Amino acid sequence: MRWLTVGLLVLIGLLQYPLWLGKGGWLKVWEYDRQLQAQKDVTRKLEIRNAGLDAEVRDLKQGYDAIEERARFELGMIKQDETFVQIPEKVPGKAAK
């Protein structure tokens, strides 16, 4: 009777091995699920970035306000008959003399 019990336990162990550790077992499924969730997070961030870029492209194609704003802030351009005044920022920690 003892050998029968041991034999059945070994058989159950052999049947459980592919379920947990084999190809397509639960451990691999859990790992693939974790990788899938990480990839979904990356994809979600990229979709938000792409939506912002798409809106910026549409804005640049439709109106001159976005082009003017970009020229002013990125290239430092000004309109004709405008006066450019630059105000230096105060550096914290230095006392004025």
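Structure shown above.
This report concerns the structure included in the present document. Just so it is clear, the model here is predicted, and its values are computed rather than measured.

Cut-offs and rules
- Residues numbered from 1 in each chain as written.
- Predicted model: local features only at pLDDT ≥ 70, side-chain atom pairs only at ≥ 80, totals over all residues.
- Heavy atoms only, no water.
- Helix = DSSP H or I, 4+ residues; strand = E, 2+ residues; numbered from the N terminus.
- Rg over C-alpha atoms; globule rule 2.2 N^0.38 Å.
- Salt bridge = Lys/Arg side-chain N within 4 Å of Asp/Glu carboxyl O.
- Buried < 20%, exposed > 50% of the residue type's maximum accessible area, 1.4 Å probe, protein only.
- Expected span 1.5 Å × (residues − 1).
- Axes fitted to C-alpha atoms, helices over the stretch in contact; angles between N-to-C directions.
- Parallel < 35°, antiparallel > 145°, perpendicular 65-115°, else oblique.
- Contact = heavy atoms within 4.5 Å.
- Nonpolar A, V, L, I, M, F, W, Y, C, P; charged D, E, K, R; others polar.

Structural notes on the overall build of the protein chain
- Along the backbone of the protein chain there are three helices and zero strands.
- Secondary structure elements of the protein chain, listed N to C terminal, follow the sequence α-α-α.
- Relative to the globule expectation of 13 Å for 97 residues, the C-alpha radius of gyration of the protein chain, 33 Å, shows a markedly less compact shape.
- When its C-alpha atoms are laid out on the principal axes, the protein chain stretches across 105 × 50 × 10 Å.

A few points about unusual backbone geometry
- A positive phi angle, near 70°, is found at Asp81, a position not held by glycine.
- Topologically, Asp81 is positioned in the segment after helix 3 (64–75).

Observations regarding the pattern of salt bridges
- All told, the structure shown has eight salt bridges when counted by the stated rule.
- Two residues, Arg34 and Glu31, come together in a salt bridge whose shortest N-O distance is 2.7 Å. Here Glu31 and Arg34 lie together in helix 2 (residues 26–62), a separation of three residues that amounts to about one turn.
- What makes Arg34 partly exposed here is its relative accessible area of 48%.
- Look at the salt bridges and you will find they share partners, linking Glu68, Arg72, Lys79 and Glu82 into a network.

A few points about the environment of Pro88
- Mapped onto the secondary structure, Pro88 falls in the segment after helix 3.
- Each C-alpha atom of the pair Pro88 and Gln62 lies 35 Å from the other, and the pair is 26 residues apart in sequence.

Structural notes on helix 3
- Its 12 residues give helix 3 an end-to-end C-alpha distance of 15 Å, which sits within 8% of 16 Å, the value for a rise of 1.5 Å per residue.
- Following helix 3 by one or two positions, Gly76 adopts a phi angle in the positive range, close to 70°.

A few points about the packing of helix 2 against helix 3
- Running from N to C, helix 2 and helix 3 cross one another at 105°; their axes reach a closest spacing of 5 Å. Considering the angle they form, helix 2 stands roughly perpendicular to helix 3. The segment helix 2 lies against helix 3, with Glu56, Asp59 and Leu60 engaging Ala66, Ile67 and Arg70.
- Taken together, the residues of the contact of helix 2 with helix 3 break down into three nonpolar, no polar and three charged.

Such coordinate-based values are descriptive only and should not be taken to indicate function.
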